[in-house]
Amino acid sequence: MPLTTPPLSLYVHLPWCVRKCPYCDFNSHEGKGALPFDTYVDALLADLDHDLPLAWGRTVHSVFFGGGTPSLFPPEFIDRILQGASARLRFAPGCEITMETNPGTAEHGRFELYRSAGVNRLSFGIQSFDDGCLQRLGRIHDSGEAEAAVKMAQDAGFDNVNLDLMYALPQQTLAMAEQDLERAFALQPAHISHYQLTLEPNTMFAAKPPAGIPDDDASWDMQEHCQALLAQAGYAQYEVSAYARPGRQCAHNLNYWRYGDYLGIGAGAHGKLTLGAEQAVLRRWKIKHPTQYLVQAGHAGAIGGDDRIEPERRPFEYMLNALRLVDGFTLGEFEARTGLDRGVIEPQLRQAIDTGWLVEDAAGRVRPTDLGRRFTNDAVALFLDS
Ligand SMILES: C[S@@+](CC[C@H](N)C(=O)[O-])C[C@H]1O[C@@H](n2cnc3c(N)ncnc32)[C@H](O)[C@@H]1O
Ligand code: SF4
């Protein structure tokens, strides 16, 4: 089976935040003093130039500004990044361009300018609409500011808006988690991401867990009730934590979960590229620290590592992504994206189906069952070193 070239996305990492949240393990750094917006944009474009030979002639189908807090960057810098990127790579018509936004950084008049720069989707880090929860999470905004920021964006013409919510928060009850969703629905977003709070190693919460984190049973209860509320409100689940109105799934994240390709530029950004001529899959990541990245971008020194994914490792990588999706995958897609024959995963697939974790429908689509979704990690582990 030959590897075929999948759709290409572009991820741009903007690493600074107003303040580091105690639960967050993303590559995000408290910005002290004036941030070097201009030199960081130069560095991003030099970084892209350096990676371009990996993606000659290919079309970009989505762009995602992640962080960190991309909305700390004034619109003229987002504009310069997008102009620079589209001068180097062809953008598909209707290319989805998302920017993560912290409601605490929203400013009047900026959203219109982000739109004219080309951003057509905003993802707000809301987390909760309960002011007590927001305080315990160390957020820089309250619920009123969060609602006002979303409305400001909608007034500026953004109709494709995602709200990030977290549940199983310290001292949160089921009723509070449900109330968070009701307040989200009132804003009529196109998409809701609903994450269970996890205590990530190397965070302040892991070092000193806050009091009152719901136990596994209570968290499971919240997830089940919230899933039902989301469905009733018209948000269909399509991934472990992602819910969308019809036609509003996030194209960028879907490309990751379908084992698509992406260039990753910026401090600590990860990329994954299919190299057709070499029949290889390459993962590349950039050095994490913004100060060193600023110096090294555009040179080999900015590359944190390159990893060629040998054929034996591809089934596991593929399943790690595809089994997050409610709609799973087809065996044809598996073959095209991994360059492997479906026979390679036949025994593990059989085992997962016999255990009741996966089903294969008449059209050849393999998807996780309700049971399988409770045991995603075990199902994925079957495909280690196929
Ligand atoms: C990189 S953050 C970007 C949003 C923006 N920086 C903000 O916080 O407003 C992406 C999302 O991941 C989620 N997240 C971050 N840390 C998490 C954790 N430890 N457990 C669960 N979700 C988390 C939050 O919902 C957050 O909005
Ligand atoms: S604002 Fe977002 S990226 Fe920054 S520390 Fe908080 S959760 Fe992490």
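Residues numbered from 1 in each chain as written. Chains lettered and ligands numbered in written order. Predicted model: local features only at pLDDT ≥ 70, side-chain atom pairs only at ≥ 80, totals over all residues.

In the nomenclature of an unreviewed UniProt entry, the chain is known as Heme chaperone HemW of Lysobacter niastensis. The record held by UniProt for the chain lists under Cofactor (unreviewed entry) the comment "[4Fe-4S] cluster". A UniProt comment under Function (unreviewed entry) is attached to the chain, and it reads "Probably acts as a heme chaperone, transferring heme to an unknown acceptor. Binds one molecule of heme per monomer, possibly covalently. Binds 1 [4Fe-4S] cluster. The cluster is coordinated with 3 cysteines and an exchangeable S-adenosyl-L-methionine." (UniProt positions renumbered as here; feature names shortened; annotations may be inferred.)

Enquirer: How should unusual backbone geometry be read in this particular structure?
Expert: It is generally the case that most residues other than glycine have a negative phi and that most peptide bonds are trans. Going from Gly 67 to Gly 68, the amide bond is cis rather than trans, its omega being 15°. Mapped onto the secondary structure, Gly 68 falls in the loop between strand E4 (59–67) and helix H2 (75–88). Of note, the phi angle at Gln 171 is positive, near 65°, even though the residue is not glycine. Here Gln 171 is to be found in the loop between strand E7 (161–167) and helix H6 (174–186). (Helix = DSSP H or I, 4+ residues; strand = E, 2+ residues; numbered from the N terminus.)

Enquirer: Please explain the site of ligand 1 as it appears in this structure.
Expert: As a structural note, the neighbourhood of ligand 1 is formed by 16 residues, with Tyr 23, Asn 102, Gly 125, Asp 164 and Tyr 195 the closest of them. Of all elements in the fold, only E4, strand E6 (121–127) and E7 reach the threshold of two or more residues within the shell around ligand 1. Residue classes in the shell around ligand 1 are distributed as six nonpolar, seven polar and three charged. (Near = placed C-beta within 6 Å. Nonpolar A, V, L, I, M, F, W, Y, C, P; charged D, E, K, R; others polar.)

Enquirer: I tried to follow the site of ligand 2 on my own but got confused; where do I start?
Expert: Neighbouring ligand 2 are Cys 17, Lys 20, Cys 21, Cys 24, Phe 26, Ser 28, Gly 67, Gly 68, Thr 69, Asn 102 and Gly 125. Classifying every residue of the shell around ligand 2 gives four nonpolar, six polar and one charged.

Enquirer: Help me understand the nonpolar core, please; the structure alone is not making it clear to me.
Expert: Across soluble globular proteins, nonpolar side chains have a tendency to be buried as a group. Judged by nonpolar contacts, the single largest core of 95 residues is most densely connected at Leu 10, Val 12, Leu 44, Ile 78, Val 161 and Tyr 167. Here the element with the most residues in this core is helix H1 (residues 37–51); it accounts for six residues. Each of domain 1 (8–255) and domain 2 (312–381) accounts for three or more of the residues forming this core. With residues near it in sequence (within four places) discarded, Val 161 still touches Leu 122, Phe 124, Val 150, Ala 153, Gln 154, Pro 189 and Ala 190. (Core = buried A, V, L, I, M, F, W, Y, C linked by C-beta atoms within 7 Å. Buried ≥ 20, exposed ≤ 12 C-beta atoms within 10 Å, placed from the backbone. Domains from an automatic or database assignment. Contact = placed C-beta atoms within 7 Å.)

Enquirer: Mind showing me how you'd approach the packing of helix H11 (residues 314–322) against helix H12 (residues 331–338) here?
Expert: What describes two packed helices is the angle between their axes and the distance between those same axes. H12 packs onto H11 with a crossing angle of 125° between their chain directions and a minimal axis gap of 11 Å. As judged from the angle between their axes, H11 and H12 are oblique. Handedness of the H11/H12 crossing: right-handed. The segment H11 lies against H12, with Arg 314, Pro 315 and Tyr 318 engaging Phe 334, Arg 337 and Thr 338. When grouped by side-chain class, the residues that make up the contact of H11 with H12 number three nonpolar, one polar and two charged. (Axes fitted to C-alpha atoms, helices over the stretch in contact; angles between N-to-C directions. Parallel < 35°, antiparallel > 145°, perpendicular 65-115°, else oblique. Left-handed = near helix turned anticlockwise from the far one by under 90°.)

Enquirer: Explain the packing of H6 against helix H8 (residues 216–232) to me, please; I cannot follow it from the model alone.
Expert: Following both chains from N to C, one finds H6 and H8 inclined at 30°, their axes separated by 10 Å at the closest point. Taken together, the axes of H6 and H8 are roughly parallel relative to one another. At the point where H6 passes H8, the crossing takes the right-handed sense. Along its contact with H6, which presents Leu 174, Ala 177, Glu 178 and Leu 181, the element H8 presents Asp 221, Met 222, His 225, Cys 226, Leu 229 and Leu 230. A class-by-class count of the residues in the contact of H6 with H8 yields seven nonpolar, one polar and two charged.

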